Amino acid sequence: SQQGEEDPQALSIQEGENATMNCSYKTSINNLQWYRQNSGRGLVHLILIRSNEREKHSGRLRVTLDTSKKSSSLLITASRAADTASYFCATDARYGNKLVFGAGTILRVKS
Amino acid sequence: DTGVSQDPRHKITKRGQNVTFRCDPISEHNRLYWYRQTLGQGPEFLTYFQNEAQLEKSRLLSDRFSAERPKGSFSTLEIQRTEQGDSAMYLCASSQGWDMNTEAFFGQGTRLTVV
């Protein structure tokens, strides 16, 4: 079973716009991670946010975490065509032994 | 070190045949994971190793699946008597540490098609 659920399932925007993806999860966590996957390829780690953090930035990425609502959001600012990919949130599950992924958000950035 | 490598990248097999995939993790990483991903879904956990010890197996991993990591280095995932439902992308990942408070590095995956 999958711990995280991303919303929306698909998102289409114009280059230069911002993209926001949301993730909800079910059990308590130690950290939450976001990964990107280009079509048919492996996953690339984007950012890790710990349960005691509320916001984290990395370049054009901004991640927030609300443990009271068991939710996280990923904001990509000034999107580029190269940002077109699937984005997954993953949590470390209760005992921290593995990452549990959601179904992902498909982002398409049109140039 | 060029990251996590998986071999083969693609495999087409007939139903009922056995297949074996290999994963070479980043050399200093003590944890190794296998995931399976079907179209439109996120990766689903199959199993993981801490060094050479297989510490957890998902219920998805039926008795037709077996994974090994001899000497805590590379790992193999074997599927016996393949079924069409086994068609998927099999992803390997590695990380360093004793929990998941660090990022995992994924390979490019092995895409299995069972015909």
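The preceding data block contains the structure.
Presented here is an overview of the structure given in this document. (Residues numbered from 1 in each chain as written. Chains lettered and ligands numbered in written order. Predicted model: local features only at pLDDT ≥ 70, side-chain atom pairs only at ≥ 80, totals over all residues. Heavy atoms only, no water.)

Residues and elements named next belong to chain B. Taken in spatial order, the 4 strands make up an open sheet running β1-β3-β8-β7, and their pairing is antiparallel. This sheet does not close on itself; its edge strands, each paired only once, are β1 (5–7) and β7 (65–68). Between one strand axis and the next, the sheet turns through 15 degrees on average, direction left out of account. The sheet contact formed by β7 and strand β8 (residues 75–79) spans 4 bridges and is antiparallel. Its bridge partner lying in β8, alanine 67 is registered against leucine 77. (Pairing = 2+ DSSP bridges. Helix = DSSP H or I, 4+ residues; strand = E, 2+ residues; numbered from the N terminus. Axes fitted to C-alpha atoms, helices over the stretch in contact; angles between N-to-C directions.)

Moving on to the side chain of B:Ser75. Residues and elements named next belong to chain B. Mapping serine 75 onto the fold places it in strand β8. Among the residues examined, serine 75 registers a relative accessible area of 0% and is labelled buried. One polar contact links serine 75 to tryptophan 34, side chain to side chain, over a distance of 2.9 Å. If we ignore the near neighbours within four places in the chain, the residues touching serine 75 are Phe21, Arg22, Cys23, Leu32, Trp34, Phe49, Glu68 and Arg69. (Buried < 20%, exposed > 50% of the residue type's maximum accessible area, 1.4 Å probe, protein only. Polar contact = N/O pair within 3.5 Å; in protein donor to acceptor, adjacent residues only side chain to side chain. Contact = heavy atoms within 4.5 Å.)

We now examine the interface of chain B and chain A. Taken together, the contact between chain B and chain A spans 25 residues of the former and 22 residues of the latter. Taken together, both faces of the contact between chain B and chain A bury some 1,800 Å²; the carbon and sulfur share is 46%. At the surface where chain B touches chain A, the tally comes to 1 salt bridge. Counting across the interface, chain B meets chain A through 6 residue pairs in polar contact (both at pLDDT 80 or more). Among the elements of the structure, β4 (31–37), β5 (44–50) and β9 (88–95) of chain B are those that each provide at least two residues to the side of chain B that touches chain A. (Buried area = accessible area lost by both parts, 1.4 Å probe. Salt bridge = Lys/Arg side-chain N within 4 Å of Asp/Glu carboxyl O.)

Counting 21 residues, the largest nonpolar core has A:Leu32, A:Trp34, A:Leu74, A:Ile76, A:Tyr87 and A:Leu107 as its most contacted members. Looking at this core, the elements with two or more residues in it are β3 (19–24), β4 (31–37), β5 (43–50), β7 (61–66), β8 (71–76), β9 (85–91) and β11 (105–110) of chain A. Ignoring anything within four residues of it in the chain, the contact list for A:Tyr87 reads A:Glu6, A:Met21, A:Tyr35, A:Arg36, A:Leu46, A:Leu74, A:Ile76, A:Gly104, A:Thr105 and A:Leu107. Judged by nonpolar contacts, the second largest core, of 19 residues, contains B:Phe21, B:Leu46, B:Phe49 and B:Leu77. (Core = buried A, V, L, I, M, F, W, Y, C linked by side-chain atoms within 4.5 Å.)

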